[in-house]
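# Reading the structure
Given next are the chains, with one letter for each unit.
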Amino acid sequence: MKTVFKKSVPGREGVWPEKPKSKIEDFIPADMLRESSGMPSLSELDVVRHFTKLSMKNFGVDSNFYPLGSCTMKYNPKFTEQVAALPGFARLHPVISQLKGAGRHCQGALEVVFETERMLSELCGMADFTMHPMAGAHGELTGVMLIAAYHRDKGNKKTKIICPDSAHGTNPASAAIAGYDVVSVESHDGIITPEALAEVLDDEVAAVMMTCPNTLGLFETHLPEIVKMIHEKDALLYYDGANMNAIMGKMRVGDAGFDVVHLNLHKTLATPHGGGGPGSGPVGVCEKLTPFLPISRVKKLEDGQYYLDYDAPKSIGYVAPFYGNFGVYLKAYAYMLRLGREGLTRATENAVLSANYMRKRLEDDYEIPYNRICMHEFVASAVKQAKNGVRALDVAKALLDKGHHAPTIYFPQIVKECMMFEPTETESKETLDQFLDDMIEIARLSDSDPDFIKNAPTTLSVSRLDETKAARDMVITDDIE
Amino acid sequence: MPYVPHSPEETREMLEVIGVNSVDDLFAEIPIELRPKSFNLPKGMSEMAVLEKMEKIAARNTTNLTSFLGAGFYDHFIPTAVDALISRSEFYTAYTPYQPEASQGTLQAIFEYQTAMARLLDLPYANASVYDGGTALYEATLMAVRKTKRRKIIVSEALNPIYRVMLDSYTTNLNLELITVPHNHGRTNIKSLTAIIDKDTAAVIVQNPNFFGSVNDFTDLFTTVHEHKAIAIMSTYPVLQSVLKTPGQMGADIAVAEGQSIGQPLSFGGPYLGVMTCSKALVRQMPGRMAGRTEDGEGKTGYVLTLQAREQHIRRQKATSNICSNQALCALRTLIHLCLLGEEGMRRTAGLSIERAHYAADRLTSIDGVELFTKGPFGNEFAVTLPVNAFEVIDKLTERGIIPGFPLGRYYEGLENGLLIACTEKTTEEQIGIFAEILRGTL
Ligand SMILES: Cc1ncc(COP(=O)(O)O)c(C=O)c1O
């Protein structure tokens, strides 16, 4: 399909405003202006049809089962979109809150920030939350900056952050970008052991970043001992909350001893992922870290009025221009109100139930490296199929032909031919069964007709794409030859 | 329970397959001492009840005043078709396009967005977006530090102060030297900026139009930057970039923008998007996703995420950035908005916004004691000095239904009487007239 720029017909009228009365040259000297900016000229229908056609080349949760591990692709209820679009929210200018006494013009918005922070604090057992971080990785960076501020304030000289070898790539990247050296700790039988941690845990460690359940979907059963070891070194324990869908109502990270946590609302709390974002990655902290939270903070007066507090001398400052992705966490807030305590617990229970059901039904046909009770996701491996030359990538592509999105593949990197499945709680048993039957058929075909699998997909708008060519040519705009 | 489909019967069948007796058994590995000490969230509510509650909360925000607020965030008209198209669930319920064959819609759209941004800012390479204009500037700064292996960053004080405070926070632990060069009565002080560039300078950061609305040509400044092998970073306002001399023409190495003004509702501060573009020499330092064009086995054109060797999922702590999720759907809104307005529609939008701002400047400065603070050419935003404290004036006018602008004193000491005023194509001459009359009556 031609790009939208190639469809441009000079002179065709789009959604134009009226013509200005004067020329721009009347206000700004001509040598400070440009000629054309190269935007296309199209009718509204041209644009509508182009993007509608493009959308039809996509899988999404509404049309396809999407068991992409670590991404919690649950169904996103429609009413939350309507909430975010309410004019009282969508039309609110963010700097209105910075004018004198103007808190009175955004009491509703401040209430949303305040109440969402309260609910997340209760959900996680943390002392407080900030809504400012705009995605999971941004939450990690904010969390690591909080950790650095805490140690600086105490006069601690700490230079390292420990991440397990199964950690998501953003963990070590966030630690490094905030100025820390990253040390890896190896997992044993899928989890971190006190012995392995002891080998790398010294006085220079500022924090340990953990994911629990970890990216293999396994609960870190040594957690109580690990927490103690870390706190004895005056290091802090960070919780990557991408996997929060596994533990809502079953464990609260604050009660368990974690000091900092980020959540991915675009996973656990059902805000749609938008083909890559926007997300929302709020960060929760224990009591001793609250003085360092980013400014501004929303506070509540005794009379029920909300206001913005900028007076936080120990704060790490601003990580976002205003209050984070307000329009995103608004949806998460509405979702939490809808589900409540019981609904959130049920979501977790069913996510875990479905994951274990899938794991069990695949165990005869695929290698399951850690075949024990898992949490909301599990990893399988295509090593058996690889003997016939069928790799995890091939299984993934064959699934696309069956109308399912693929699992996450080749992550975590510590499992060969890794495939990570996360069904979520919103998928019905029929959907799971259809998917599992298709997985089993793919396993059988890998024996009988491996080339068939290796040629997938054949039913989509393109067949397998040449990624090496893309990286070599670097054609990332229409104007690069 | 809403959104959880398993019936009791199905649950039993599934537990049987798993080989456990109850759902609780699945959580047996969580040690008793780690179980929640409390879990006092409210009870769930019906969809209808949540909607009612949220409508009431929304009604406690004031959005019906005539507003001249800008400060980097502008209320432009968004064509209705933007929302209609963005509501296609194939776009908004998809994840990052990790499986390209099942994500050609998202990937081609990213490619087109990158093309649009590269053209608008007139630099050859663009990424698929970062979180916002401020994090884009911070990422641009780190690109320059990595590329030059130097640690001194020179920042114009006429750069949006909201971004300056963000840069301060992000560089706290990084052992960088941030030097702020004062503005000169609202003008970017090109002379002083030029004078302090030296062999230790990694980057010079300026904004056009600057925070006070003043339009600049940084060509000579950037020439000096390049003589010292430093990196020229320019923050821009993308709507005006459809008519203004470009970062590319001035010689910028990296140009960034807050993309909100093209297609995003104000939404109390987000979600917006950070636009990033750069020269070829810097493309491997770029953070975030990029879509590239390629072919399938039959030679059919398709798109994939490319140059991933820069990214955290491959390089971990050695990645160019930690960013993973970005603002993809916002970027798609920006692209669709640009396509609907097209070249002529964007030029008109810029033209109308500039025209209205100049009309407002004329009307307001005809009031005794109100003087234009922004000297030289300006775009759709300008500052005035009032004979009295701007915070007080804002307070009074807001009571009368008008938010007259942003108080410069919030960020600039000594400018307590300064008011920053923005217009867009939505601002009418009638509104400006009423504003001027009420202000005259107040002073
Ligand atoms: C375990 C884990 N941590 C962190 C992240 C990063 O989250 P985000 O993409 O919102 O930045 C992800 C997302 O893929 C993840 O799966």
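Not measured: the values here are computed from a predicted model.

## Some details on the overall build of chain B
- Across its full length, chain B carries 14 helices and 15 strands.
- Principal axes of the C-alpha set define a box for chain B whose edges measure 85 × 55 × 50 Å.
- In chain B, which comprises 443 residues, the share counted as buried stands at 66%.
- Restricting the contact set of chain B to residue pairs at least 6 apart, pairs at least 24 apart contribute 70%.

## Focus: the pattern of salt bridges
- For the structure on display, the rule yields 53 salt bridges over all chains.
- Here A:Lys402 makes a salt bridge to A:Glu441, at a shortest N to O gap of 3.1 Å. Of this pair, A:Lys402 sits in the loop between α11 (392-401) and β11 (408-409) while A:Glu441 sits in helix α12 (residues 429-448), placing them 39 residues apart in sequence.
- Each of A:Arg361, A:Lys429, A:Asp433, A:Asp437 and B:Glu13 takes part in one network of salt bridges that share partners.

## A closer look at the site of the ligand
- In the neighbourhood of the ligand, 15 residues make up the surrounding shell, with A:Ser70, A:Asp240, A:His266, A:Lys267 and B:Ser325 lying closest.
- Interatomic distance of 2.6 Å between a side-chain N/O atom of A:His266 and an oxygen atom of the ligand.
- If the ligand stood free it would expose 390 Å²; the protein chains cover 99% of that surface.
- Broken down by element, the residue count for the shell around the ligand peaks at three residues, all from helix α5 (residues 136-154) of chain A.
- Tallied by class, residues from the shell around the ligand come to five nonpolar, seven polar and three charged.

## Here's the deal with the sheet that holds strand β1 (residues 128-130) of chain A
Residue and element names in this part refer to chain A.
- Read from one edge to the other, the open sheet built from seven strands follows the order β1-β7-β6-β5-β4-β2-β3, with strand pairing classed as mixed. Looking at the sheet topology across the chains shown, the edges are occupied by β1 and β3 (181-185). Pairwise comparison of adjacent strand axes, ignoring direction, gives a mean angle of 25 degrees for this sheet.
- Summarising the sheet, strand β4 (residues 205-210) and strand β5 (residues 236-241) pair through four bridges and their orientation is parallel. Considered in β5, the bridge of Val-208 is made with Leu-237.
- Of the strands in this sheet, β4 and β5 are in contact with helix α8 (residues 223-232), which crosses β5 at around 135 degrees.

## Concerning the interface of chain B and chain A
- Each partner contributes to the interface: chain B provides 190 residues, whereas chain A provides 206 residues.
- A buried area of about 17,500 Å², summed over both sides, lies between chain B and chain A, and 63% of it is on carbon and sulfur atoms.
- Our count for the chain B to chain A interface comes out at 10 salt bridges.
- Across the pair B:Glu429 and A:Lys21 runs a salt bridge whose closest N-O atoms are separated by 2.7 Å.

## Comments concerning the domain arrangement of chain B
All names here are of chain B.
- Assigned domains of chain B: these are domain 1 (66-76 + 342-442) and domain 2 (80-335).
- In this complex, domain 1 contributes 28 residues to the contact, which on the side of domain 2 involves 28 residues.
- Summing both sides of the interface, domain 1 and domain 2 together bury roughly 2,300 Å²; the carbon and sulfur share of this comes to 69%.
- In terms of surface lost to domain 2, no three residues of domain 1 exceed Phe-73, Tyr-411 and Tyr-412, which account for 28% of the buried area on that side.
- Our count for the domain 1 to domain 2 interface comes out at zero salt bridges.
- At the surface where domain 1 touches domain 2, the tally comes to 11 residue pairs in polar contact (both at pLDDT 80 or more).
- Elements supplying a minimum of two residues to the side of domain 1 that touches domain 2: α12 (328-365) and β12 (381-385).

## Quick word on unusual backbone geometry
Residues and elements named next belong to chain A.
- With an omega dihedral of 0 degrees, the bond running from Cys-212 to Pro-213 counts as a cis peptide bond.
- Here Pro-213 lies in the loop between β4 and α8.
- Note that the residue after Gly-277, namely Pro-278, is joined by a cis bond; omega there is 10 degrees.
- In this fold, Pro-278 is placed in the loop between β6 (260-263) and β7 (283-285).

## Re the domain arrangement of chain A
Residues and elements named next belong to chain A.
- On domain assignment, one finds that chain A holds domain 1 (4-55), domain 2 (80-338) and domain 3 (344-467).
- The C-alpha centroid of domain 3 is placed 31 Å from the C-alpha centroid of domain 2.
- Each partner contributes residues to the interface: domain 2 has 27 residues there, and domain 3 has 22 residues.
- When the two sides are added together, the surface that domain 2 and domain 3 hide from each other amounts to roughly 1,900 Å², 62% of it contributed by carbon and sulfur.
- The three residues of domain 2 that bury the most area against domain 3 are Leu-216, Asn-245 and Met-248, which together make up 29% of that side's buried surface.
- At the junction of domain 2 and domain 3, the tally comes to two salt bridges.
- Where Glu-349 meets Lys-250, a salt bridge forms, and the shortest distance between an N and an O atom there is 2.8 Å.
- Linking domain 2 to domain 3 there are seven residue pairs in polar contact (both at pLDDT 80 or more).
- Taken together, the residues that form the side of domain 2 that touches domain 3 break down as 14 nonpolar, 10 polar and three charged.

## Quick look at the packing of α12(A) against helix α1 (residues 8-18) of chain B
- Where α12(A) meets α1(B), the axes come as close as 11 Å, and the angle between the chain directions of the two elements is 35 degrees. Judged by residue contacts, A:Lys429, A:Glu430 and A:Leu432 of α12(A) engage B:Glu10, B:Glu13 and B:Met14 from α1(B).

Scoring rules and cut-offs
Residues numbered from 1 in each chain as written. Chains lettered and ligands numbered in written order. Predicted model: local features only at pLDDT ≥ 70, side-chain atom pairs only at ≥ 80, totals over all residues. Heavy atoms only, no water. Helix = DSSP H or I, 4+ residues; strand = E, 2+ residues; numbered from the N terminus. Buried < 20%, exposed > 50% of the residue type's maximum accessible area, 1.4 Å probe, protein only. Contact = heavy atoms within 4.5 Å. Salt bridge = Lys/Arg side-chain N within 4 Å of Asp/Glu carboxyl O. Near = heavy atom within 4 Å. Polar contact = N/O pair within 3.5 Å; in protein donor to acceptor, adjacent residues only side chain to side chain. Areas by Shrake-Rupley, 256 points an atom, 1.4 Å probe, with all protein chains shown as cover. Nonpolar A, V, L, I, M, F, W, Y, C, P; charged D, E, K, R; others polar. Pairing = 2+ DSSP bridges. Axes fitted to C-alpha atoms, helices over the stretch in contact; angles between N-to-C directions. Buried area = accessible area lost by both parts, 1.4 Å probe. Domains from an automatic or database assignment.

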